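A closer look at the structure
So the chains spell out like this:
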Amino acid sequence: MIARQEIPKPTAWDSQEARPGIEVAGRRIGDGSFTMIAGPCAVESREQTLATARAVADAGATLLRGGAFKPRTSPHSFRGLGREALEILAEARALTGLPVVTEVMDPRDLEAVVEVADVIQIGSRNMQNYPLLEEAGRSGVPVLLKRGLASTLEELVLSAEYVLKEGNPAVMLCERGIRTFEPAYRFTLDLTAVPVLKELTDLPVIVDPSHAAGRRELVEPLSLAAAAVGADGLIVEVHPQPEEALCDGAQALRADEFASYLERVRAAAALARRALPRLEALV
Ligand code: PEP
Ligand code: MN
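Let me begin by describing the structure that accompanies this report. (Residues numbered from 1 in each chain as written. Chains lettered and ligands numbered in written order. Predicted model: local features only at pLDDT ≥ 70, side-chain atom pairs only at ≥ 80, totals over all residues. Heavy atoms only, no water.)

Taken together, the protein ligands of the manganese ion (ligand 2) are Cys41 (SG), His211 (NE2), Glu237 (OE) and Asp248 (OD), with distances of 2.0 to 2.4 Å. Read in sequence order, the donor residues for the manganese ion (ligand 2) give the motif C-x169-H-x25-E-x10-D. One end of the pair, Cys41, is in the loop between strand S3 (35-39) and helix H2 (46-59); the other, Asp248, is in the loop between strand S10 (233-239) and strand S11 (253-254), with 207 residues separating them in the sequence. (Donors = N, O, S within 2.8 Å, 3.2 Å for Na, K, Ca; no water. Helix = DSSP H or I, 4+ residues; strand = E, 2+ residues; numbered from the N terminus.)

It is worth spelling out the site of ligand 1 at this point. Taken together, the residues surrounding ligand 1 are Cys41, Arg65, Lys70, Pro71, Gln121, Gly123, Ser124, Arg125, Lys146, Arg176, His211 and Glu237. Within the side chain of Gln121, one N or O atom sits 2.9 Å away from an oxygen atom of ligand 1. When the free accessible area of ligand 1 is taken as 290 Å², the share hidden by the protein chains comes to 97%. When grouped by side-chain class, the residues that make up the shell around ligand 1 number two nonpolar, four polar and six charged. (Near = heavy atom within 4 Å. Polar contact = N/O pair within 3.5 Å; in protein donor to acceptor, adjacent residues only side chain to side chain. Areas by Shrake-Rupley, 256 points an atom, 1.4 Å probe, with all protein chains shown as cover. Nonpolar A, V, L, I, M, F, W, Y, C, P; charged D, E, K, R; others polar.)

Attention now goes to the side chain of Arg274. The topology assignment puts Arg274 in the loop between helix H10 (258-271) and helix H11 (279-282). Overall, the relative accessible area of 3% leaves Arg274 in the buried class. Reaching out from Arg274, the side chain makes a polar contact with the side chain of Asp232 at a distance of 3.5 Å. (Buried < 20%, exposed > 50% of the residue type's maximum accessible area, 1.4 Å probe, protein only.)

Interpretation in functional terms is not warranted from these geometric data alone.
Quick look at the structure:
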């Protein structure tokens, strides 16, 4: 029996409300607000990237994603436009005002990437690339660290430590699905990770439903669930013509459907008492 004077402990959500979050390009992430990172899997061309950036910015996304250096299972797949893509991302940022999130795989590219990136993405396959984590830590640029395909939450948090210990406090953790015995979708999105990571750390927790789903139809239901469970934000893939995408087209949301999707995500985030700032409020 619960003693009458016993005060219930704050839930993970309640304690999260008091968290300071991290700073990215003058905005706060993980402070109780909700962040929407959206854009193409890969920068394929200037037209495709600028069209996507415009669509997600107009809808109210808070950051733009886009891969310049792509980790691909097959070395024969499209692996990104590299430095040319960084120039396109810089143009997209100038056009829309959205801060840019882009992946770095090789520490030799870090200098070029941080000239453009407001957030460095470290992908699942590199979650335990310790020299890369330390270099990202030393850069001082905020890091989005994705959970490895078969990594425990403790391993994810310890990888984040590699960045933090270099004096870089701005790390976001990202749940993007793990490999299980279930083959009906690409990966199994582990939503229990969200409240549990909040017990383990103060760092913002972002969910990537696109790579977990592998299929467009599943991205919205997973997004709503992630927002309602208390994620600090989402990272999703968007393309103007997913059928023509060079990478991950099957899971990309259509750019012209993104605004209505985002309205429904806003409602789900409100269940966890998180609001997505309107663009006007950011200027
Ligand atoms: C990506 O974000 O495009 C990506 C390759 O993600 P992950 O590292 O989670 O597979
Ligand atoms: Mn992708």
